[in-house]
Amino acid sequence: MSRRFDISGRTVLLTGASSGVGAALAARLVERDCRVVAWSRRPPPIGGPSIIHEAVDLSDMAALDAALDGLLERHPELSVVINNAGVSERADLADGDPARLDELAEIQIAVNLQAPIRICQRLFAPFSRRGTAMIVNNTSGLAVAPTVPHPVYCASKAGLRAFTQSMRYQAEAAGGQIAVIEILLAVVETPLNAGYAGRKMPVDKAVDRIMRGLAKAEPEIWVGQAALLRRIAGISPALARHILKVATG
Ligand SMILES: NC(=O)c1ccc[n+]([C@@H]2O[C@H](COP(=O)([O-])OP(=O)(O)OC[C@H]3O[C@@H](n4cnc5c(N)ncnc54)[C@H](OP(=O)(O)O)[C@@H]3O)[C@@H](O)[C@H]2O)c1
């Protein structure tokens, strides 16, 4: 079920606003008169009074806790969070150095899964006391069907998808004030997949689709080719997995 959600004028916590999808989203939110509290290590490319950059390394849980402490005191009007930051690494399990594989796995699990869970768990209860609020998690089409070279990335995104679905049930049980949204992107032209030679969706087009989905509070915003993957997985999850395996092997 979807409903309308007016994001204009809101205070929004946006992770990963320094690059790619997050940077483009930050610009769109400012156009809608939002105040954007931007969490990333680097500052967002756009500045101005509506962007408040708080430098946070989301792979460091102590740093994240420090940023979460006092967040609602610093930004009492906060009513939307968009967990967008993400990191993707290849992992060659046959030839990779196990210590290096562990290091990369820990970072991806921290940034892609542990940090958004921690942010949701801190904000869910206060948000449920707001008139309306929204929690958005940016997973991936790869949460539905994994690739060959990115086992940890895909696992972290599948984990965040499951967490988001369960959180949506709890939001409904809590009275429905919080809209819980998941974004599932196809391949978008950003630094995240600079090494990928195939077709990529322009970031502005992807963000157009995301903004339309947020306005309608669509529970799942399937962007570009991810919408096709959804249809295929709806008919046959095994076929969807096979297509991704063959395409990326
Ligand atoms: N691009 C795609 O094709 C695609 C497809 C499916 C899903 N997604 C998802 O979409 C989201 C945005 O990706 P993107 O393509 O826009 O990637 P991107 O251009 O590489 O941007 C990634 C963002 O995440 C932040 N980030 C990474 N590690 C961080 C850390 N340790 N602490 C704080 N922030 C960190 C980066 O900020 P700093 O480096 O400044 O810290 C940056 O702002 C990700 O969750 C990604 O998994 C992307």
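In case you missed it, the structure is sitting above this.
The rules behind these values
Residues numbered from 1 in each chain as written. Predicted model: local features only at pLDDT ≥ 70, side-chain atom pairs only at ≥ 80, totals over all residues. Heavy atoms only, no water. Helix = DSSP H or I, 4+ residues; strand = E, 2+ residues; numbered from the N terminus. Rg over C-alpha atoms; globule rule 2.2 N^0.38 Å. Buried < 20%, exposed > 50% of the residue type's maximum accessible area, 1.4 Å probe, protein only. Contact = heavy atoms within 4.5 Å. Salt bridge = Lys/Arg side-chain N within 4 Å of Asp/Glu carboxyl O. Core = buried A, V, L, I, M, F, W, Y, C linked by side-chain atoms within 4.5 Å. Expected span 1.5 Å × (residues − 1).

**Q** Is there a simple way to explain the overall build of the chain in this structure?
**A** Of the regular secondary structure elements, the chain holds eight helices and seven strands. In terms of overall size, the chain behaves like a compact globule, its C-alpha atoms giving a radius of gyration of 17 Å where 249 residues would be expected to give roughly 18 Å. Considering the chain as a whole, with its 249 residues, one finds that 47% of them fall into the buried category. A fraction of 66% describes how many contacts in the chain between residues 6 or more apart in sequence connect residues 24 or more apart.

**Q** It is not clear to me how the environment of Pro202 should be interpreted in this structure. Could you clarify?
**A** With respect to the secondary-structure elements, Pro202 resides in the loop between β6 (178–184) and α6 (203–215). Look at Pro202 and you get partly exposed, because its relative accessible area is 42%. Setting aside chain neighbours within four positions, we find Pro202 in contact with Val188 and Glu189.

**Q** Is there a simple way to think about the pattern of salt bridges in this case?
**A** Oppositely charged side chains can pair when the atoms bearing their charge come close. Following the criterion strictly, the structure yields 10 salt bridges and no others. Arg28 is paired through a salt bridge with Asp204; the nearest N and O atoms lie 3.8 Å apart. Of this pair, Arg28 sits in helix α1 (residues 20–31) while Asp204 sits in helix α6; the two residues are 176 residues apart in sequence, bridging distant segments of the chain. We classify Arg28 as buried; its relative accessible area is 16%. Judged by relative accessible area, Asp204 falls into the partly exposed class, the value being 46%. Note that Glu220 is salt-bridged to Arg161, the shortest N-O span being 3.2 Å. Of this pair, Glu220 sits in strand β7 (residues 220–222) while Arg161 is found in helix α5 (residues 151–173), placing the two residues 59 residues apart along the sequence. Judged by relative accessible area, which is 15%, Arg161 ranks as buried. The network of salt bridges with common partners includes Arg28, Asp204 and Asp208.

**Q** Explanation requested: the nonpolar core in the structure shown.
**A** A general trend in soluble globular proteins is that nonpolar side chains are found buried together. Leu29, Ile82, Met134 and Leu214 are the most contacted members of the largest nonpolar core, which has 32 residues in total. Put simply, the parts of the chain that give this core at least two residues each are β1 (11–15), α1, β2 (35–40), β4 (78–83), β5 (133–138), β6 and α6. Sequence-distant contacts of Ile82, defined by excluding residues within four places in its chain, comprise Val12, Leu13, Leu14, Thr15, Leu25, Leu29, Val136 and Leu214. Membership of the second largest hydrophobic core comes to 29 residues, among which are Ile119, Phe127, Ala133 and Ala171.

**Q** Looking at this model, I keep getting lost on α5. Mind explaining?
**A** What sets the pattern is the α-helix's 3.6 residues per turn: residues three or four places apart point alike. The end-to-end C-alpha distance of α5 is 33 Å, a good match for the 33 Å that 23 residues give at a rise of 1.5 Å each. Residues of α5 that are buried include every one of Tyr153, Cys154, Ser156, Lys157, Leu160, Arg161, Phe163, Thr164, Met167, Arg168 and Ala171, and no others. In this structure, the buried residues of α5 make contact with α4 (98–128), β5, β6 and β7. Immediately beyond the C-terminal end of α5, within one or two residues, lies Gly175, with a positive phi of roughly 120°.

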